[in-house]
Amino acid sequence: MTNSRTVRALQAAAGIIALAAGWQILSMVFPHYLFPPIREIIARTIEILITGSLLIDVLLTAGRIFGGLFGAFILGGILAMIIGQSRSAENFIAPVLTFFQGIPALSWVVFAIIWFHGIEFRVLFIMVMTTLPAFTFQILDAFRSMSKDLFEMTMAFRPSRWSLFRFLIVPTIVPGILTAWKVNLGNAARVVVVAELVGATGGVGYQLLRQQQLFDMAGAMAWTLQLVLFVLVVQQTIAAIENWALRYRAVSERAM
Amino acid sequence: MSGVDAVIRFKDVTKTFKRPDGRGDFVAVDRLSFEIAKGEIVAVLGKTGCGKSTMFNIVAGLVQPSSGEAKVIGRDPFREFEFFRGKVGIVFQNDRLMPWRSALDNVRLGLQILDTDPMEAEDIARAWLKRLGLAGHDNDYPHALSGGMRQRVSIARAFAVNPEILLCDEPFSSLDEMTARDLRAEFVRLVRQSNKTAIFITHQINEAMEIGDRVMVFHRPARIAYEATLGAAVTEDARRGINEDIMRVLAVEQPR
């Protein structure tokens, strides 16, 4: 298993190295303001990470992503539980969520700017509205995949609603919740940049707008990398939580 | 037996289900009447689809009769669902272990639902695992246990709450004969020791005669086609006669 992990890590590294090499070659052919050398991008990336006043923008964006995802997760979880227990509620709520899913993130940005004044509330609103349908449907799917056998077995002990939720429902939906977080994290990272680009005075999106105005490609790449690094770190953290929470699964299920 | 002494009492119980294709009703249990006394083990035999499991689910309080009266400890198991908390233990055909819980935690489930003190629950669960030959497997997850071991865990889970009534739905049918024989013997010993009342559903005549104080043979839809009392006083010749009678009754073609 360790060998296969090493091979996978090497393959992933090879892909990134090939991409970087391609970029470096382009930087030799084209002017640096279009394709800055890798060394310069890395230096600017490190500069952001070690400069407090710049790092705060990264943390601001991270906070907005987490805030939005957490809000959508809580709201989506509640909606999923309501829909899961009532066909009428599903008939009422599901079409609305499907309708929301069809609205582009940029439209939500425009709506938020027209409707609200506070920057943070605008971003939170945009984040929640764009990730809510996916969270709801993914948690609902996990809830509905609950084993009838396990449900009957648990009911045979006559649990209270709280016991049923704690001992059966939560462990059943945990894999679905983790998947929902992984999927929505990438979406949220893209949406937050759009939201910040248009209506914020801080954050990675705002900084990207500044780099565009300065025509600074190395800066744009460095700020983009901040977001990529953030997503990678959080994805790895979720993967670690997943490995711990789903440790009961047979090894063969995770060996590949 | 007078109705007052009976721990489980069915009087003209009928259960009908709607056919999935919407074409009328399907009768699973047809005016079924019987009584089971405290400490009695009753084996229920019948062909697949004869309504044994529906009767089982009515006793368990998981299904409501369409008509007639089903009483367990003098109460309605469906309407007075809460009353039976900790009073009924069930061993199902498949082990129905929660894959995310260790063997110990699976045995502890019923005790947790009953709000037993955590330390006490752990001691009880450990003692039951040891009693069923699973000492040292406390922390193993179900996927790491053999079929026989998993079924032992499910038996331990049922006994751990010290129920007055045990319901067993073909609990050893998926095991090899050697393992099933050992577990059967262990099961009967445990039930007799604790003077529990038990309904044991099976489709194997030998198993029914080995376990039951009484054997009831069901025809489709569930109604008693044959009944015989067993026990130490019954001679080998009489047992052979009962065995032949059961085979004859089961051989009768039953309408679907």
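Residues numbered from 1 in each chain as written. Chains lettered and ligands numbered in written order. Predicted model: local features only at pLDDT ≥ 70, side-chain atom pairs only at ≥ 80, totals over all residues. Heavy atoms only, no water.

## What about the overall build of chain B?
Stated precisely, the cut-off is as follows: Numbering of helices and strands starts at the N terminus; helices are DSSP runs of H or I of at least 4 residues and strands are runs of E of at least 2. Just to be clear, the radius of gyration here is over C-alpha atoms, and the globule rule we use is 2.2 Å times residues to the power 0.38. Only protein chains enter the calculation, and the probe is 1.4 Å; a residue is then buried if its accessible area is under 20% of its type maximum, exposed if over 50%, and partly exposed in between. Contacts: residue pairs with any heavy atoms within 4.5 Å of one another. We get accessible surface area from the Shrake-Rupley algorithm with a probe of 1.4 Å; when it comes to residues, only the shown protein chains can shield them. Charged residues are defined narrowly, with Lys and Arg counted positive, Asp and Glu counted negative, and His plus the chain ends left uncounted. Every charge is mapped onto a representative atom, which is NZ of Lys, CZ of Arg, CG of Asp or CD of Glu.
In terms of regular secondary structure, chain B is built from seven helices and nine strands. The C-alpha atoms of chain B give 18 Å as radius of gyration, which agrees with the globular expectation for 256 residues (18 Å, within 12%). Classification of the 256 residues of chain B by burial places 53% in the buried group. Here the contacts in chain B between residues at least 6 apart in sequence split such that 68% fall between residues at least 24 apart. Of the roughly 11,400 Å² of accessible surface on chain B, a fraction of 49% belongs to carbon and sulfur atoms. Within chain B, the 36 negative side-chain charges are centred at a point lying 3 Å from the centre of the 36 positive side-chain charges.

## Brief notes about the overall build of chain A
Helix and strand counts for chain A stand at eleven helices and zero strands. Taken from N to C terminus, the helices and strands of chain A fall in the order α-α-α-α-α-α-α-α-α-α-α. Along the three orthogonal principal directions, the C-alpha set of chain A runs to about 70 × 55 × 30 Å. Sequence-distant contacts, at least 24 apart, represent 72% of the contacts inside chain A between residues at least 6 apart. Carbon and sulfur atoms provide 71% of the accessible area of chain A, an area that totals close to 13,900 Å². Averaging the positions of the 18 positive and the 12 negative side-chain charges in chain A gives two centres separated by 6 Å.

## So, the confidence of the model for chain B
Defined as follows: Looking at any residue, its pLDDT shows the predictor's confidence there, from 0 to 100.
Averaged over all residues, the pLDDT of chain B equals 88, while 96% of them reach at least 70. Mean pLDDT across the secondary structure elements of chain B bottoms out at helix α5 (residues 177-194) of chain B, with 85, and peaks at helix α2 (residues 103-113) of chain B, with 95.

## Examining the layout of surface pockets
All names here are of chain A. Threshold: Using a 1 Å grid laid over the protein atoms alone, points where a 1.4 Å probe fits but cannot get out form a cavity; open sets with protein on both sides within 12 Å along at least 5 of 7 lines form a pocket; any residue with an atom within 4 Å of a point counts as lining. Grid points are joined across faces, edges and corners, and a volume is the space filled by probe spheres set on the points. Classification used: nonpolar for Ala, Val, Leu, Ile, Met, Phe, Trp, Tyr, Cys and Pro, charged for Asp, Glu, Lys and Arg, polar for all others including Gly. Throughout, the edges of the domains are those of an automatic or database domain assignment.
Estimated volume of the largest pocket: approximately 540 Å³. Contributions of two or more residues to the lining of the largest pocket are made by α1 (2-29), α2 (38-50) and α10 (217-245). No other element matches the six residues that α10 contributes to the lining of the largest pocket. The residue inventory of the lining of the largest pocket, partitioned by class, reads twelve nonpolar, two polar and no charged. Looking at the lining of the largest pocket, you find at least three residues from each of domain 1 (1-30) and domain 2 (36-255).

## Considering the packing of helix α3 (residues 52-85) of chain A against helix α4 (residues 87-101) of chain A
What describes two packed helices is the angle between their axes and the distance between those same axes. Residues and elements named next belong to chain A. The condition that has to hold: Between the N-to-C directions of two axes lies an angle of 0 to 180 degrees, each axis being a line fitted to C-alpha atoms and, for a helix, fitted only over the stretch in contact. In these notes the angle categories are as follows: under 35 degrees is roughly parallel, over 145 is roughly antiparallel, 65 to 115 is roughly perpendicular, and the rest is oblique.
Packing of α3 against α4 leaves a shortest axis separation of 6 Å and a crossing angle of 135°. When the axis of α3 is compared with that of α4, the two are oblique. Between α3 and α4, the contacting residues are L79, I82, I83 and Q85 on the first element and R87, A89, E90, I93 and L97 on the second. Here the residues of the contact of α3 with α4 sort into six nonpolar, one polar and two charged.

## Points about a nonpolar patch on the surface
What counts is decided by this rule: Only residues above 30% relative accessible area that lack a salt bridge enter a patch, with like-charged residues linked at up to 9 Å and the nonpolar side chains Val, Leu, Ile, Met, Phe, Trp and Tyr linked at up to 5 Å. The salt bridge criterion pairs a side-chain nitrogen of Lys or Arg with a carboxyl oxygen of Asp or Glu, the two atoms within 4 Å.
Residues I25, L26, M28, V29, F30, Y33, L34 and F215 of chain A make up a contiguous nonpolar surface patch of about 840 Å² in total accessible area. Looking at the element boundaries, F215 of chain A is found in the loop between α9 (204-214) and α10.

## Structural notes on the nonpolar core
Under the convention used in this document: To qualify as a nonpolar core, a set must consist of buried Ala, Val, Leu, Ile, Met, Phe, Trp, Tyr and Cys residues joined through side-chain atoms within 4.5 Å.
Formed by 135 residues in total, the largest nonpolar core has its most connected members in I65 of chain A together with I8, F10, M55, L167, F187 and I199 of chain B. With 16 residues, helix α8 (residues 161-199) of chain A is the single largest residue contributor to this core. Leave out the neighbours within four places in its chain, and L167 of chain B touches F56, V59, A60, V88, G89, I90, V91 and I199 of chain B. Membership of the second largest hydrophobic core comes to 14 residues, among which are I205, A208, V215 and I246 of chain B.

## As for the interface of chain A and chain B
The criterion, for reference: Computed with a 1.4 Å rolling probe, the buried area is the accessible surface lost when two parts are put together, summed over both parts. Polar contacts here mean pairs of N or O atoms no more than 3.5 Å apart (in protein, one a potential hydrogen donor and the other a potential acceptor; neighbouring residues in sequence count only if both atoms are side-chain atoms).
Across the contact, 20 residues belong to chain A and 26 residues belong to chain B. Of the roughly 2,200 Å² buried at the junction of chain A and chain B (both faces included), carbon and sulfur atoms supply 66%. Where chain A touches chain B, the interface holds two salt bridges. The tally of links from chain A across to chain B stands at nine residue pairs in polar contact (both at pLDDT 80 or more). Elements with a contribution of two residues or more to the side of chain A that touches chain B: α7 (148-155) and α8 of chain A. Top contributing element to the side of chain A that touches chain B by residue count: α7 of chain A, with six residues.

## Digging into empty space enclosed by the protein
Residue and element names in this part refer to chain B. Applying the stated criterion across every chain yields a total of two cavities of 30 Å³ or more. Put simply, the parts of the chain that give the lining of the largest cavity at least two residues each are β5 (88-91) and α4 (147-160). If one sorts the elements of the lining of the largest cavity by residue count, α4 sits on top with three residues. Class assignment of the residues belonging to the lining of the largest cavity gives a composition of seven nonpolar, one polar and one charged.

## Re the pattern of salt bridges
A full pass over the atoms with the stated rule returns 31 salt bridges over all chains. Across the salt bridge formed by D216 of chain A and R44 of chain A, the nearest N and O atoms sit 2.7 Å from each other. Of the two residues, D216 of chain A is situated in the loop between α9 and α10 and R44 of chain A in helix α2; the sequence distance between them amounts to 172 residues. Salt-bridge contacts for K148 of chain A lead to E152 of chain A; the nearest nitrogen and oxygen are separated by 3.1 Å. Here K148 of chain A pairs with E152 of chain A, and both are found in helix α7, just four residues apart, close to one helical turn. Three or more residues are tied together by salt bridges with common partners; here these are D105, R108, E122, R126 and D138 of chain B.

## Describing the sheet that holds strand β3 (residues 41-46) of chain B
All names here are of chain B. Selection rule: Two strands qualify as a pair provided DSSP detects at least 2 bridges between them.
Strand order in this open sheet of six strands is β5-β6-β7-β3-β8-β9, and the pairing throughout is mixed. The outermost strands of the open sheet, each flanked by one partner alone, are β5 and β9 (223-229). The mean inter-strand angle of the sheet, taken between neighbouring strand axes irrespective of direction, is 20°. Where β3 lies against strand β8 (residues 214-219), five bridges are found, and the strand directions are parallel. In the strand pairing of β8, A43 is matched with V215. Each of β5 and β6 (165-169) touches α4; the most contacted strand, β5, lies at about 175° to it.

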